[in-house]
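Structure assessment
Each chain is listed here by its residues.
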Amino acid sequence: MQITIPTGCRALDEKLRGGVKGRKLVLLYGEAETGKTTLVIQLAINCAQAGYKTIFVDADNTFFSRRLRQLAGDNFETIAPQMILMKPESFEQQNIAINNLDDYVSSRVKLVVIDTITSLYRAELGKGRDAFKLNRELNRQLGYLAQIVNTKKVACIVVSQVRSVLPKEEGVIVPVAVRVLRFWADTVISMRPTSKGDVVKLTVSEKGLERPVKAILLKIEEKGLQEI
């Protein structure tokens, strides 16, 4: 069965035609403190409330049970068991986790989250590892995720860090390993800070659809991302 998982934000769900859909690989990127992890936790909560499980690969060490408790509220005790959490500590361990997803994606799993798919990759680049080999491996990981998405009919969200693009004054940011990530993504969601520290700007684009991109403004609150 294919599922559509709502984000809980009406304007964003309208852009996504109901929410994040099964058989779609979604790229979510943005600067630090823009609510990326909050958004994917909200999706995992909504997935659990529909009676399904989420596999959450926390490659950035940003998933905290206290934040899940905060967002889930009184439903925490029923939602927490619906989360399968993996915490790779190296790019090699991330590779193993993704390679073994097929063993974990049962009919009860409808959402896979990789947060972030580029943090451990970036750490290896910082150690002077061969960039070509790392890009090839990242590309292979995304290809395998795309295969899981199609064969298992699940939704998958890959979260990415960003880097600045010159000239700096234009404030242009793109995902790390942008070409690889955009090649595999069916849907791209970008999150940008605004002059108001608790308000973020989101844009949504879909592969093959030339639609005008209109920004959505959301507020980061204790209970999650909310509409303004």
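Above this note sits the structure.
First things first, this report covers the structure right here in the doc.

Criteria and thresholds
Residues numbered from 1 in each chain as written. Predicted model: local features only at pLDDT ≥ 70, side-chain atom pairs only at ≥ 80, totals over all residues. Heavy atoms only, no water. Helix = DSSP H or I, 4+ residues; strand = E, 2+ residues; numbered from the N terminus. Rg over C-alpha atoms; globule rule 2.2 N^0.38 Å. Buried < 20%, exposed > 50% of the residue type's maximum accessible area, 1.4 Å probe, protein only. Contact = heavy atoms within 4.5 Å. Core = buried A, V, L, I, M, F, W, Y, C linked by side-chain atoms within 4.5 Å.

Each helix and strand in the protein chain was counted, giving nine helices and 13 strands. Taken over C-alpha atoms, the radius of gyration comes to 17 Å for the protein chain, in line with the 17 Å a tight globule of 228 residues would show. Overall, the protein chain is about 45 × 45 × 35 Å in size when its C-alpha atoms are taken along their principal axes. Buried positions account for 49% of the 228 residues belonging to the protein chain. At a minimum sequence separation of 6, the contacts of the protein chain that also span at least 24 residues come to 67%.

So, on to the nonpolar core. Ranked by size, the top nonpolar core spans 39 residues in total, and within it L12, L28, L68, L111, I157 and L202 carry the most contacts. Tallying contributions element by element places helix α2 (residues 36-49) first for this core, with eight residues. Those residues in contact with L12 that lie beyond four places of it in its chain are T7, L39, L202, V204 and I216. The next biggest cluster of nonpolar side chains, apart from the first, holds 37 residues, and it includes V112, I148, V158 and V176.

Bear in mind that shape data such as this cannot, by itself, settle questions of function.
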